[in-house]
Amino acid sequence: MEKVKNHFEEEAKEFDSLILKLIPYYEEMITSLTLTIPFNTQETIKILDLGCGTGNVSKAVKEKFPQSKITCVDLAENMIYMARTKLSNYSDIEYKIGNFSKLDFDNDYHVIVSSLALHHLKTDEEKKRLYSKIYDALRDGGVFYNADTVLGSNTYLRKVNVEKWKNYMLKNLPMDEVEQKWLPTHYEEDFPASLMDQLDWLSQIGFKELDVVWKYYQGAVYGGIKKTVSVKTRSNKIRI
Ligand SMILES: C[S@@+](CC[C@H](N)C(=O)[O-])C[C@H]1O[C@@H](n2cnc3c(N)ncnc32)[C@H](O)[C@@H]1O
């Protein structure tokens, strides 16, 4: 995690221009993340943005849900500094510097979102633990959606995905930089899991109405809702 933190501390100032060169359809992906939020735009909803970076997701959310109260969490102080600057005109945003796997969360969020951050967790177990923590942090009817880098379901598809990604970067950056910086960084710092496995884990944890709302090769936006259905029996209510 130290490596990831240092990477983003160093990159914070140029992150916004760089990310457009590195991630295909980045803006469309963020827009699709905000489209998943099933609340009235004037409602005061409580939102958690995990790995907020320079605040691009929170900004898009605030534009659509001006009354929302957002908590932005990130490991890297410099990313949080950039987010604070970008979001300085908006109220009701709090910032927390720290590792989202270790921080305590409230348990009444309407929405938890994340973009390009959770794949930095090294193991499947760490990812599953975080997904459970996210589930517990949502109120009933709350939603979680993640925009992230995912692994193809077999070796062939993984190769196709990486080729597609490499070709995208080569349109924007010199070959040396792609081959000597971005691809090695990816193999050292990124630990994506397969989309299908992650949907299974989310389902096992209890998320309902799981869906993949957007996908482009190794980029995907997916998630679901926390919904505990009440069934009335003769004398009491049970939860299923
Ligand atoms: C690629 S950036 C994405 C930033 C932003 N979500 C976006 O899409 O523009 C990933 C961010 O996640 C943060 N991050 C990665 N692992 C984290 C962790 N365990 N706890 C908190 N933040 C983390 C990094 O510091 C970095 O700012």
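Preceding this section is the structure that the text describes.
Along every chain, residues carry numbers that run from 1 in the direction the sequence is written. Reporting in this predicted model follows two pLDDT cut-offs: at least 70 for local features of residues, and 80 or more for side-chain atom pairs to be given and counted; totals over whole chains, interfaces and linings ignore these cut-offs and use all residues.

Draft legend 1. Spotlight on the overall build of the chain. Numbering of helices and strands runs from the N terminus; a helix is a DSSP stretch of H or I covering at least four residues, while a strand is a stretch of E covering at least two. Looking only at helices and strands, one finds nine helices and nine strands in the chain. Radius of gyration here is computed from C-alpha atoms only, and the compact-globule reference equals 2.2 Å multiplied by the residue count raised to the power 0.38. Whereas a compact globule of 240 residues would reach a radius of gyration of roughly 18 Å, the chain reaches 18 Å, a difference of no more than 12%. In terms of its C-alpha atoms, the chain occupies a principal-axis envelope of roughly 70 × 45 × 30 Å. Nonlocal contacts in the chain, meaning residues at least 24 apart in sequence, comprise 69% of its contacts between residues at least 6 apart. It is the C-beta atoms, placed from the backbone, that decide contacts: two residues are in contact if theirs lie within 7 Å.

Draft legend 2. Main features of the site of the ligand. To decide nearness, the C-beta atom of each residue is placed from the backbone, and the residue is near a molecule or strand if that atom lies within 6 Å of it. Phe8, Gly51, Gly53, Ser115 and Ala117 are the nearest of the 21 residues found near the ligand. For the shell around the ligand, the secondary-structure elements that each account for two or more residues are helix 1 (2-11), helix 4 (56-64) and strand 2 (69-74). Lys, Arg, Asp and Glu make up the charged group, whereas Ala, Val, Leu, Ile, Met, Phe, Trp, Tyr, Cys and Pro make up the nonpolar group; the residues left over, Gly among them, are polar. Residues that form the shell around the ligand fall into these classes: 13 nonpolar, seven polar and one charged.

Draft legend 3. Just the pairing of strand 4 (residues 109-115), in detail. The burial label depends on the number of other C-beta atoms within 10 Å of a residue's C-beta. Counts of 20 or more mean buried, 12 or fewer mean exposed, and intermediate counts mean partly exposed, with C-beta atoms placed from the backbone. Counting buried residues along strand 4, seven of its seven residues qualify, which places the element largely inside the surrounding structure. Bridge analysis of strand 1 (residues 46-50) against strand 4 gives four bridges, and the strand direction is parallel. Among the inter-strand pairings, Asp49 is bridged to a residue of strand 4, identified as Val113. Two strands form a pair only when DSSP identifies at least two bridges running between them. In the sheet, strand 4 pairs with strand 5 (residues 138-149) via six bridges, with the strands oriented parallel.

Draft legend 4. Here's a closer look at the environment of Ile112. Counting through the fold element by element, Ile112 comes out in strand 4. Taking C-alpha positions, Ile112 is 4.7 Å from Leu48, a pair spaced 64 residues apart along the chain.

Draft legend 5. Examining the packing of helix 6 (residues 124-137) against helix 9 (residues 195-205) more closely. The axes are straight lines fitted to the C-alpha atoms, using for helices just the contacting stretch, and the angles between their N-to-C directions are given from 0 to 180°. The geometry of helix 6 relative to helix 9 is characterised by a closest axis approach of 10 Å and an angle of 45° between their N-to-C directions. Between helix 6 and helix 9, the interaxial angle falls into the category oblique. Of the two elements, helix 6 crosses helix 9, and the hand of that crossing is right-handed. Together, Lys128, Tyr131, Ser132 and Tyr135 of helix 6 and Trp201, Leu202 and Ile205 of helix 9 make up the contact between the two elements. In the contact of helix 6 with helix 9, the residues fall into five nonpolar, one polar and one charged. Geometric relationships in this document are graded by angle, where less than 35 degrees denotes roughly parallel, more than 145 denotes roughly antiparallel, 65 to 115 denotes roughly perpendicular, and other angles denote oblique. Left-handed describes a crossing in which the near helix is turned anticlockwise from the far one by less than a right angle; the clockwise case is right-handed.

Draft legend 6. The arrangement of the packing of helix 7 (residues 155-172) against helix 8 (residues 175-189) in detail. Taken N-terminus to C-terminus, the directions of helix 7 and helix 8 make an angle of 130°; their axes are 9 Å apart at the nearest point. Considering the angle they form, helix 7 stands oblique to helix 8. As for how helix 7 packs across helix 8, the hand of that crossing is right-handed. In contact with Lys166, Met169 and Leu170 of helix 7, helix 8 contributes Met175, Val178, Trp182 and Leu183. Residue composition of the contact of helix 7 with helix 8, grouped by class: six nonpolar, no polar and one charged.

As far as function goes, none of this settles anything; it's purely spatial.
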